[in-house]
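One letter stands for each residue in the lines below.
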Amino acid sequence: VTITTRLLVSHLSGIRHYEKDITKVKEEKEKANRALKLTKSHQDKEQKEKEGKGVEKTDCVKQKKEHESETKSRNSKPGRNDKEFEQEEYYLKEKFESVIESLKIFKNDPLFFKPGSQFLYSTYGFTLLSAVVERASGQKFTDYMLKMFRDLDMLSTVLDDNEAMIYNRARCYIYNKKGRLVNAPYVDNSYKWAGGGFLSSVGDLLKFGNALLYSYQAGEFQNRNGKLLPGYLKPGTVAMMWTPVPKTEVSWDRDGKYAMAWAVVEKNQQCGCCRQQRHYASHTGGAVGASSVLLILPEELDPEALGPWPGAPPRGVIVTIICNMQSVSLNSTALKIAREFEKEKRAQ
C-alpha cells in the first residue's frame, strides 16, 4: 500500500490509535453511529413538532431541554466513563530520544484497513507525520516546531518535558474509580510530540488561531490594499486545510467533517427560517489529566460590502479553553461562547 502525508493528516492511513484490537474499534464505531442516528431522528422529530405546533411552544421545549442538559452536565463528573483512557499506551513512561525511535511502538502492527478507504483517528499517524517533517526539514522535529512557535510569538509553548523546570506548569487531575479527584499519574509524552506532547497557554493558542485566520483572510484583503503583510501561510493553504475530506467523521462535533488536522463545519442552511450552520474550524485536545479546545469562527465577509479598506484581518472570533481535568467536553461550550461574541459584535 501507499500512505501519503495527506492520508496521515486526515486520519485515513489505516494506522491504529491506542486500541490494538480492530474488533473493539469496529464495535465502538457502530455504537457511535447508532447514537448519531438517534440524535438525528430526535432533531427531525423536534422539527416536525415545530412545524405542527408553532415556534413558540417548540422554543420553550428547546429551552427546557437545554436547561436539563446543562444541569446534567454540571452534575456529572468528567473522566469517569471515558473508556479511551483505559488504554495502557496513554500511560507510557519510557523516554524516547527521537520521533524515529518512537515509531517502534506501532511500526510492525498491521493496518486496520486499506489507506484512504476509512477514517480512524490516530495519534500514531501524527507520530509518523512528525518523522516525515523531521526527514524533510533536516532537523529534529522538536527543534523545527519550537522555531515555528517562536516565529508566531508563542513563547509559552514548550515541550511537555518532565525533567525541565517550566514556569507556571499546571498540576493535572483525574477522577479515580471511586469518583474522587486525584492527581494525574506520571507519563512521558516523548512518544507522541506531534499528537499531544506540547504545553501551551490560552494566550499562545489565541496567537496561533489569529495567525491562521489572518492567513486565511489575507488574500481577500490584499486585493484591496497592497500594504498588507503576508500571512504566515498562503490563503490557499489554509483554505485547503479547512476543506472537509470525504469519508471522514468527527466524534466531538456531529455537524463536522475532518479536514487536514482540523475538524470543519461548512456553512449550510437547508430551508428558510430553519437552523443556520456557520462555517468554523476547531480541534479538541485530550491528555492524561487535561482537556482543551481551539475554535476559529471566521467573520462572514461580503466582498461587495468590504469597500477599499474595512479594517485589517483577522476578522472573526477565536475561542480557546484549557483545563487541567481529563475528559472534559469543551467544543460545544467554545462554539456557544464564539456565537455570543459574534452576536454582540453584530449588535454594535
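Note that the coordinates shown come from a computational prediction; the quantities given were computed from them, not determined experimentally.

**Topic: the overall build of the protein chain**
Looking only at helices and strands, the protein chain has 11 helices and 9 strands in total. Across the protein chain, contacts joining residues at least 24 apart in sequence account for 66% of those joining residues at least 6 apart.

**Here's the deal with helix α5 (residues 123-137)**
Here α5 spans 21 Å end to end across 15 residues, near enough to the 21 Å set by a 1.5 Å rise per residue. Of all the residues in α5, the buried ones are Thr123, Tyr124, Gly125, Phe126, Thr127, Leu129, Ser130, Ala131 and Glu134. Buried-residue contacts for α5 involve α1 (5-9), α4 (99-102), α6 (141-151) and α7 (193-196). Capping the start of α5 is the job of one residue whose side-chain oxygen sits 3.4 Å from the backbone nitrogen of Tyr124: Ser122. Gly138, located one to two residues past α5, shows a positive phi value of around 80 degrees.

**Brief notes about unusual backbone geometry**
The phi dihedral of Asp153 falls on the positive side, at around 65 degrees, and the residue is not glycine. Along the chain, the position of Asp153 falls in the loop between α6 and β1 (158-159). Non-glycine residue Lys247 carries a positive phi angle of around 70 degrees. Position of Lys247 among the secondary structure elements: in the loop between α9 (235-241) and β5 (257-258). When its relative accessible area of 55% is taken as the criterion, Lys247 is described as exposed.

**Considering the nonpolar core**
In terms of nonpolar packing, the biggest core is built from 40 residues, with Tyr124, Leu212, Trp242, Trp262 and Ile296 touching the most fellow members. Listing elements by their share of this core, those giving two or more residues are α1, α5, α6, α8 (202-222), α9 and β8 (290-298). Taken domain by domain, this core gets at least three of its residues from each of domain 1 (1-39 + 79-195) and domain 2 (200-301 + 308-347). Setting aside chain neighbours within four positions, we find Leu212 in contact with Leu233, Val238, Met241, Trp242, Trp262 and Ile296. Counting residues in each nonpolar core, the second largest holds 15 residues, with Tyr175, Val265, Val293 and Leu330 among its members.

**Focus: the sheet that holds strand β9 (residues 316-323)**
Across the sheet, which stays open at both edges, the 5 strands sit in the order β5-β6-β7-β8-β9 with antiparallel pairing between neighbours. Each end of this open sheet is capped by a strand with a single partner; those strands are β5 and β9. One ladder, built from 3 bridges, connects strand β6 (residues 263-265) with strand β7 (residues 280-287); its direction is antiparallel. If you follow Val265 over to β7, its bridge partner there is Tyr280.

**Let's talk about the environment of Val99**
Mapped onto the secondary structure, Val99 falls in helix α4. The buried category is assigned to Val99, whose relative accessible area is 4%. Those residues in contact with Val99, other than ones at most four positions away along the chain, are Thr127, Ser130, Ala131, Glu134, Phe141 and Trp193.

**As for the pattern of salt bridges**
Scanning all chains against the criterion turns up 17 salt bridges. Notably, a salt bridge pairs Glu94 with Lys104, separated by 3.4 Å at the nearest N-O pair. Residue Glu94 is located in the loop between α3 (55-75) and α4, and its partner Lys104 is located in the loop between α4 and α5; the two are separated by 10 residues in the primary sequence. Look at Glu94 and you get partly exposed, because its relative accessible area is 39%. Residues joined in a network through salt bridges with shared partners are Lys267, Arg278, Glu300, Glu342 and Arg346.

**A word on the pairing of β9**
Most of β9 is tucked away: 6 of the 8 residues are buried. Sheet topology note: the β8/β9 ladder contains 8 bridges and is antiparallel. Pairing of Ser291 across the sheet is with Cys323, part of β9.

**A look at helix α11 (residues 331-347)**
Note that an α-helix has 3.6 residues per turn; residues three or four places apart therefore point the same way. Relative to the 24 Å expected for 17 residues at 1.5 Å per residue, α11 spans 25 Å between its end C-alpha atoms, a close match to the ideal helical length. Buried residues of α11: Asn331, Ala334, Leu335, Ala338 and Glu342, and no others. Down the axis of α11, the smallest arc covering the buried residues is 100 degrees, so these residues share one side. Across from the buried face of α11, at angles greater than 90 degrees, the exposed residues are Lys343, Glu344 and Ala347. Elements in contact with the buried residues of α11: β7, β8 and β9.

Here is what the cut-offs are and how they apply
Residues numbered from 1 in each chain as written. Predicted model: local features only at pLDDT ≥ 70, side-chain atom pairs only at ≥ 80, totals over all residues. Heavy atoms only, no water. Helix = DSSP H or I, 4+ residues; strand = E, 2+ residues; numbered from the N terminus. Contact = heavy atoms within 4.5 Å. Expected span 1.5 Å × (residues − 1). Buried < 20%, exposed > 50% of the residue type's maximum accessible area, 1.4 Å probe, protein only. Polar contact = N/O pair within 3.5 Å; in protein donor to acceptor, adjacent residues only side chain to side chain. Core = buried A, V, L, I, M, F, W, Y, C linked by side-chain atoms within 4.5 Å. Domains from an automatic or database assignment. Pairing = 2+ DSSP bridges. Salt bridge = Lys/Arg side-chain N within 4 Å of Asp/Glu carboxyl O. Arc of directions from axis to C-beta.

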